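Inside the fold
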Amino acid sequence: MAERFDRIWHNARLATMRVDRPDLGEIEHGVIAARGGHIAYAGAKADFPVDADAIERIDCEGRWITPGLVDCHTHLVYGGNRAHEFELRLKGASYEEIARAGGGIVSTVAATRKASEAELVASALPRLDALTAEGATTVEIKSGYGLDTETEMRQLSAARRLGRERPVTIRTSFLGAHALPGEAGGDKDGYIDLVCKEMLPAVAKAGLADAVDAFMEGIAFSAEQTALVFETARGLGLPVKLHADQLSNLGGAALAARFSALSADHLEHTNEAGAAAMARAGTVAVLLPGAFYFIRETQKPPVETFRKHNVPMALATDCNPGSSPLTSLLLAMNMGATLFRMNVAECLAGVTREGARALGLLNETGTLETGKWCDLAIWKVDRPAELVYRIGFNPLHKRVWRGQ
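This structure is a prediction, so every number in the text was calculated from the model and none was measured. (Residues numbered from 1 in each chain as written. Predicted model: local features only at pLDDT ≥ 70, side-chain atom pairs only at ≥ 80, totals over all residues. Heavy atoms only, no water.)

Focus on helix α3 (residues 105-114)
Within the sequence span of α3, burial applies to Thr108, Val109 and Thr112. Seen along its axis, α3 keeps its buried residues to an arc of 100°; they face one direction. For α3, the exposed residues lying more than 90 degrees away from the buried face are Val106 and Lys114. The secondary structure elements touched by the buried residues of α3 are α4 (117-132) and α5 (149-165). (Buried < 20%, exposed > 50% of the residue type's maximum accessible area, 1.4 Å probe, protein only. Helix = DSSP H or I, 4+ residues; strand = E, 2+ residues; numbered from the N terminus. Arc of directions from axis to C-beta. Contact = heavy atoms within 4.5 Å.)

Given below as structure tokens:
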């Protein structure tokens, strides 16, 4: 009896992104078959059963198929925006001057606290739609603009609701240790105590977070304070990730590795010891060229060092109102290539396989392999390098999420 599938995509060229295949894992004459939302076959036409049947057969007319894209670092849910501050900065105002006038993260926290869950969802949907319109099928969303238990939980609940409003996989990260709220009166230790004893347990009990994040930096929290958050997360059974070494090297990459973090993100100031520690721990380096560009950084992340130590590298938008109002993974790839000198294979792996790895989802998505979710992006390009090369051009033909 002929094998039967829900859908078959044929006459396609595949960039499987499989780690056991060289470069992009290309298959020139490829077929993908789906059953029950999962990939049942992804490989060469020559190895596919000639009598296979399907409810629907799609002729891809020679188009390229990659895994659906993964944005593994966003702050997509927040209130208000900071366009006015951007305008002030262009006129010469410093970040410190803006912050003293009530701007900066304080303004986003105030706007987020005022917004209802429905308002947060409504404002985030256009940003999510922009990502999915370019082939994103999995998006991570952080809290961190509430800085109190109620608002942090409302942000995370809004993020989860986005996954019910749209056909996309949403992963949530609790980022209560993002900044110090004004009401803390400068007491960072006291605020971290609140995060560990009240916020994190409440978030975990409600099942609102898939991971716990923190910002370890001179303007945020110390290694000791971050470690307390991570120890609490570990006790609650939640994996961790870290905003690390963005503005200085305080040993964030090494701390992330010590806690077997899924990822360490930004990493402009990471040294070789930090990279080596990440390699031993299997922690993914998530590079965020949008923030590097937007705040006019000059210190680039140590891509060559990550290569030397075989640290997996992901790319993400870091979509947020203050330092990276970016909603394009295609542009993030171009920035990764032009600003950080990543090659085409690294850029494409960064928004597929390594993005999935950074979320702990590599067994479920990120490559075209049997058993994984059938998350596909079908492109009108002659070669995959076009996805990295072009600027301001979206060649997506079709996006498939879980076989649909």
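Observations concerning α4
Helix length check: α4 (16 residues) gives 21 Å between terminal C-alpha atoms against 22 Å at 1.5 Å per residue, within 8%. Maximal helix bending in α4 amounts to about 35°, located at Leu125; proline Pro126 follows within four positions. (Expected span 1.5 Å × (residues − 1). Bend = angle between axes of the 7 residues up to and from the residue.)

Focus: the UniProt feature "binding site: Fe(3+)" (unreviewed entry) in the chain
On the UniProt side, "binding site: Fe(3+)" (unreviewed entry) is annotated at positions that read His73, His75, His243 and Asp318 here. Taken together, the annotated residues stretch across 246 residues yet fold into one region, lying no more than 12.3 Å apart by C-alpha. By secondary structure assignment, the location of His73 is in the loop between β6 (69-71) and α1 (83-90). Overall, the relative accessible area of 0% leaves His73 in the buried class. (UniProt positions renumbered as here; feature names shortened; annotations may be inferred.)

Some details on the sheet that holds strand β8 (residues 169-177)
One key point about sheets: their strands pair by backbone hydrogen bonds, in either a parallel or an antiparallel sense. Pairing is parallel across the open sheet formed by eight strands, whose spatial order is β6-β7-β8-β9-β10-β11-β12-β13. Two strands in the sheet have a free side with no partner beyond their single neighbour: β6 and β13 (313-315). The mean inter-strand angle of the sheet, taken between neighbouring strand axes irrespective of direction, is 25°. Pairing of strand β7 (residues 136-142) with β8, which is carried by five bridges, proceeds in the parallel orientation. Bridge assignment links Glu140 to a residue of β8, and that residue is Arg171. Packed on one face of the sheet, α4 meets β6, β7 and β8 and runs near 145° to β7. (Pairing = 2+ DSSP bridges. Axes fitted to C-alpha atoms, helices over the stretch in contact; angles between N-to-C directions.)

Side note on the pattern of salt bridges
What the rule picks out here adds up to 26 salt bridges. A salt bridge links Glu272 to Lys308, with the nearest nitrogen and oxygen atoms 2.6 Å apart. Of this pair, Glu272 sits in helix α9 (residues 272-281) while Lys308 sits in helix α11 (residues 303-308); the two residues are 36 residues apart in sequence, bridging distant segments of the chain. With a closest N to O distance of 2.9 Å, Glu304 and Arg307 form a salt bridge. (Salt bridge = Lys/Arg side-chain N within 4 Å of Asp/Glu carboxyl O.)

Digging into the side chain of Asp318
Relative to the elements of secondary structure, Asp318 occurs in the loop between β13 and α12 (329-340). A distance of 3.3 Å separates the side chain of Asp318 from the side chain of His75, its partner in a polar contact. Beyond its immediate chain neighbours, meaning those up to four positions away, Asp318 contacts His73, Thr74, His75, His266, Leu288, Ala291, Ser323 and Ser324. (Polar contact = N/O pair within 3.5 Å; in protein donor to acceptor, adjacent residues only side chain to side chain.)

Regarding the UniProt feature "binding site: N-formimidoyl-L-glutamate" (unreviewed entry) in the chain
According to UniProt, the feature "binding site: N-formimidoyl-L-glutamate" (unreviewed entry) maps to Tyr145, Asn320 and Gly322 in the numbering used here. Taken along the chain, the residues just named run across 178 residues; in space they keep tight, none of their C-alpha pairs more than 11.2 Å apart. Judged by its relative accessible area of 3%, Tyr145 falls in the buried class. Filtering out sequence-adjacent residues up to four positions away, Tyr145 remains in contact with His75, Val77, Tyr78, Ile105, Thr108, Val109, Thr112, Glu152, Gln155, His178, Asn320 and Pro321. Those residues within four positions of Asn320 in sequence are excluded, and the remaining contacts are His75, Tyr78, Tyr145 and Pro325. Separated by 2.7 Å, the side chain of Asn320 and the backbone nitrogen of Ser323 make a polar contact.

Observations regarding the nonpolar core
Core analysis: the largest hydrophobic core is formed by 86 residues, its most contacted members being Val139, Phe174, Val229, Leu287, Phe306 and Met333. Ranked by residue count, the leading element in this core is helix α6 (residues 188-206), at seven residues. (Core = buried A, V, L, I, M, F, W, Y, C linked by side-chain atoms within 4.5 Å.)

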